[in-house]
Amino acid sequence: MSDGRVAVGQAAVDQLLEVLDLDPTGEMTFRGMSPPVGPQRVYGGQVAGQALVAAGRTVDPERFVHSLHGYFVRPGDPVEPIEYQVENIRDGRSFSVRRSVALQHGKPIFFMSASFQRAEEGLDHQVTAPLDVPLPQDVPTMSDRLARYPERLGIWGQIPRPIDVRYVGEPGWVRPGDRPADPHQRVWMRIDGKLPDDPLLHACALTYASDLTLLDSVLSAHGEVWGPGGLVGASLDHALWFHRSFRADEWFLYDCLSPSASGARGLATGRMFTTDGQQIASAVQEGLLRRVGA
């Protein structure tokens, strides 16, 4: 399906699946590509998702990823292939740990540690999901919001949209002055099509989505926006914990807030909940934020 300009729906999801389907080049090495049309640098969620694909393919499929911690060290070139080298840190009785490094031109652009665990029973509790949030069908679609700000569209009007993103409040790409300060940045998300029944693939898709709006919560706290008259930013690190089983192609609420910002850096935290209130994941990210002119 297409809206006449960009791939959306299942067509865009199929393109995402191609991006996440790495080519093996050795027992512990893989090669990934970026979409043919995209931003000037590789999207952080893409390289994190691909790094998790590489790590996960070297682990017993009976063990599921429960956490990842990554650092963005150089901007990625979307024209060049990305090489992924995986190191087996440990395979224990319950856990497997991998280190996955993404390289371009022989230099690392991202590295990540990921831990995988066999299924076990134990204590179970969680925080309560926000109760005052409208359901995704009651929130404007991305197309509805973009129609109000055609001048802010830029490259995002040309690249595929595999994720249905619905902002509960004002997004960070509105005009300066159009965004009231809000401590929370809440967004409904889902992969906008059907994914195969592969838990690792759903975890990689969620990782891909987790970088989309998290850092925006730092700007939301100040009523700030991205781009001219606002700020530019880049992810410095990213951590994600997976708590419960889920499907990334079903709606989840990404409830983000920023506990601190200083020194041109901002810290953002996020919690993900299903529509029935199950907490499926938590995320933390620090980003570099610098003001730009009008």
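The paragraphs below set out a description of the structure included in this document. These numbers were taken from a predicted model, which means no experiment stands behind them.

Within the secondary structure layout, Thr 29 lies in strand β2 (residues 29–32). Along the sequence, Thr 29 and Ala 102 sit 73 residues apart, while their C-alpha atoms lie 10.0 Å from each other. The residues touching Thr 29, leaving out its near neighbours within four places in the chain, are Asp 23, Pro 24, Tyr 84 and Gln 85. At a separation of 2.8 Å, a polar atom in the side chain of Thr 29 contacts the side chain of Thr 25. Engagement of the side chain of Thr 29 in a polar contact is seen with the backbone nitrogen of Gly 26, the distance being 3.1 Å.

According to the stated counting rule, one finds 17 salt bridges in the structure shown. One salt bridge connects Asp 255 with Arg 186, and the closest N-O pair in it is separated by 2.9 Å. In this pair, Asp 255 is assigned in strand β10 (residues 252–262) and Arg 186 in strand β8 (residues 184–191), connecting sequence segments 69 residues apart. By the burial criterion, Asp 255 is buried, and Arg 186 matches it. Residues Arg 247 and Asp 197 are paired through a salt bridge, measuring 2.7 Å at the closest nitrogen-oxygen approach. With Arg 247 in the loop between β9 (231–242) and β10 and Asp 197 in the loop between β8 and α4 (199–210), the pair connects residues that are 50 residues apart, well separated along the chain.

Conventions adopted
- Residues numbered from 1 in each chain as written.
- Predicted model: local features only at pLDDT ≥ 70, side-chain atom pairs only at ≥ 80, totals over all residues.
- Heavy atoms only, no water.
- Helix = DSSP H or I, 4+ residues; strand = E, 2+ residues; numbered from the N terminus.
- Contact = heavy atoms within 4.5 Å.
- Polar contact = N/O pair within 3.5 Å; in protein donor to acceptor, adjacent residues only side chain to side chain.
- Salt bridge = Lys/Arg side-chain N within 4 Å of Asp/Glu carboxyl O.
- Buried < 20%, exposed > 50% of the residue type's maximum accessible area, 1.4 Å probe, protein only.

Purely spatial values, then, with no claim about function.
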